[in-house]
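Overview (structure and organization)
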Amino acid sequence: MSPPIVVHGCAPTGGRAVTINGDIAGLAHDDRDLIEFLRRAGIYDAEHLLDDPNWIEWRGGPAHRYEAA
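Residues numbered from 1 in each chain as written. Predicted model: local features only at pLDDT ≥ 70, side-chain atom pairs only at ≥ 80, totals over all residues. Heavy atoms only, no water.

1. Regarding the pairing of strand β2 (residues 16–20)
Among the five residues that make up β2, four are buried, leaving the element largely enclosed by the rest of the structure. Two strands pair when backbone bridges link them, and strand β1 (residues 5–10) and β2 are joined in this way by four bridges, in the antiparallel orientation. Bridge pairing in β2 links Ile5 to Ile20. Here β1 folds back onto β2, and the loop between the two strands holds five residues, one of which, Gly14, carries a positive phi near 100°. With five bridges joining them, β2 and strand β3 (residues 23–28) adopt antiparallel strand pairing. In the strand pairing of β3, Ile20 is matched with Asp23. Linking β2 back to β3 in an antiparallel pair, the connection comprises two residues, with Asn21 at a positive phi of about 55°. (Buried < 20%, exposed > 50% of the residue type's maximum accessible area, 1.4 Å probe, protein only. Helix = DSSP H or I, 4+ residues; strand = E, 2+ residues; numbered from the N terminus. Pairing = 2+ DSSP bridges.)

2. Brief notes about helix α1 (residues 31–40)
What α1 keeps buried is the set Leu34, Phe37 and Leu38. Take α1 and look down its axis: the buried residues cluster within an arc of 95°, on one side only. Structural note: α1 exposes Arg32 and Arg40 on the side pointing more than 90 degrees away from its buried face. (Arc of directions from axis to C-beta.)

3. Here we look at the side chain of Arg16
On the secondary structure map, Arg16 appears in strand β2. For the buried Arg16, no salt bridge is present, and the opposite-charge side chain at shortest range is Asp31, 7.8 Å distant. One polar contact links the side chain of Arg16 to the main-chain carbonyl oxygen of Arg59, over a distance of 2.8 Å. (Lys, Arg positive; Asp, Glu negative; His and termini not counted. Salt bridge = Lys/Arg side-chain N within 4 Å of Asp/Glu carboxyl O. Polar contact = N/O pair within 3.5 Å; in protein donor to acceptor, adjacent residues only side chain to side chain.)

Just geometry here; none of it tells us what the structure is for.
This is how it looks when you write it as C-alpha cells:
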C-alpha cells in the first residue's frame, strides 16, 4: 500500500506539490507549509511523520528540500 501523503518533485520556480490521498493539498516551500497542509487535513502532530515512509513518500528529490534545481 502506498503512503497517503506524497511530496512531489520540485517545481521549476521552487516548492513541491503535496497530495493527500490523491487530492492536491498545495505547494509547499518548506516543512512548515507541509505540516500546515497536514494539519488542515486533520493530521495533527504531523512533524513526527515527515520521515516516516508509511505516511509520506518524497518523490523526485530528497526529503526536506524545496528549492528548484
